[in-house]
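Chain by chain, the residues run as shown.
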Amino acid sequence: MLHFRGACLSADRLSEGLEGYLPSQTKMDIYEEYIESIIQMADQAIDNGQDDEAKRWFERGLCEEPGSAKLHFRMACLLLYGLDDKAGAEQHYLLAIKFKPDYRSAYVNLAQLYLDNEKYLGLENLMHKAMKVEGFNKTFAYENLGKVAEAQGQFNKAIAHYRKGMMQALENFDVDDLKDHIKRNKYKRLKKRWKLWQREN
C-alpha cells in the first residue's frame, strides 16, 4: 500500500500523463470514477470499524482531487462522527462549501456542528451565506439565526427570525417548533424586563 506522500506523487504523475492526450470529458469521467472508488474503499473500512484506514483513503483521494467537494464532505463526516475531530471536520465542511457553494448538506452539517459547540458567529455567517443558495431551506436558516440571537440574549431579534422562518415553512411540524421557540423567547424577554424593573426599583 502506498505511503500518503507517495500517493500524492503518483497522483500528480497520473494527472500530468493524462493531460496531453485525453479529452476533457474522458478525464472528468476518470476522476469521477476515482473519487467514487475512494469513497467505496473508505466506506468498506468504516463498515469494518477501521475509521483510521478510511481517513487514509480520503487523504489519498484529496491528494489527487483537492478540489473535490464530495471528498471533503465525506472526510468531514468521518472526522466528526467517527474520529471526534471537530476542528478537522469544520475545516473540511468549509472546503466542501468553498468548492461547491451550493452544497446544502455541508451547510446543514456545519450548522449543527457550530450550534452544538456554541460557535454562534460562525453559525450566523454560515446561515447568511446559505440563504443565498438557490433552493436552500430558509426555515432552517431563520431558525438557526433565531437560536444565535436567543443565545446572545437578543430575544426580540430571535422572535423576528423565528417569525420569518414560519413564513417560509411548508410543514406543520416546523411551524409548531417555531411557535414553541417564539413562546420561549417571549417568556425570556418578560423575565429579563422583570429583573431590570426590580433593579431599578
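Being a predicted model, the structure only gives us computed values, none of them experimental.

**Comments concerning the nonpolar core**
Membership of the largest hydrophobic core comes to 41 residues, with the highest contact counts inside it found for Phe-58, Tyr-93, Leu-126 and Met-127. Among the elements of the structure, α2 (24-47), α3 (51-64), α4 (69-82), α5 (86-99), α6 (104-116), α7 (120-130) and α8 (138-151) are those that each provide at least two residues to this core. Per element, the largest residue contribution to this core is nine residues, and it comes from α4. Leave out the neighbours within four places in its chain, and Tyr-93 touches Phe-73, Ala-76, Cys-77, Leu-80, Tyr-81, Ala-106, Asn-109, Leu-110 and Leu-113. In this structure, Ala-149, Ile-159, Tyr-162 and Ile-182 belong to the second largest nonpolar core, which totals six residues.

**Concerning the confidence of the model for the chain**
Chain-level pLDDT for the chain is 87 on average; 86% of the residues reach the 70-or-more range. Counted against residues more than four places away or in other chains, residues 1-22, with its pLDDT under 50, gives 19 contacts.

**Looking at the packing of aromatic side chains**
Across all of its chains, the model carries four aromatic pairs by this definition. With centroids separated by 5.8 Å and ring planes inclined at 55°, the aromatic side chains of Phe-73 and Tyr-93 adopt a geometry described as tilted. With a gap of 20 residues between them, Phe-73 in helix α4 and Tyr-93 in helix α5 connect regions that are remote in the sequence. Comparing Phe-73 with Tyr-93, the two get one shared label, buried. Look at Tyr-107 and Phe-136: their rings are 5.8 Å apart centre to centre, the planes differ by 70°, and that puts the pair in the edge-to-face class. One end of the pair, Tyr-107, is in helix α6; the other, Phe-136, is in the loop between α7 and α8, with 29 residues separating them in the sequence. Phe-136 shares its class with Tyr-107; the two are buried. Three or more aromatic residues joined by ring pairs make a cluster, and in this case those are Phe-73, Tyr-93 and Tyr-103. Cation over ring: Arg-60 sits above Trp-57, and NZ or CZ is 4.7 Å from the ring centre. Its guanidinium or amino end placed over the ring of Tyr-103, Lys-100 lies 4.8 Å from that ring's centre, counting from NZ or CZ.

About the cut-offs
Residues numbered from 1 in each chain as written. Predicted model: local features only at pLDDT ≥ 70, side-chain atom pairs only at ≥ 80, totals over all residues. Heavy atoms only, no water. Core = buried A, V, L, I, M, F, W, Y, C linked by side-chain atoms within 4.5 Å. Buried < 20%, exposed > 50% of the residue type's maximum accessible area, 1.4 Å probe, protein only. Helix = DSSP H or I, 4+ residues; strand = E, 2+ residues; numbered from the N terminus. Contact = heavy atoms within 4.5 Å. pLDDT = per-residue confidence, 0-100. Phe/Tyr/Trp six-rings, centres within 6.5 Å; stacked < 30°, edge-to-face > 60°. Lys NZ or Arg CZ within 6 Å of the ring centre and 35° of its normal.

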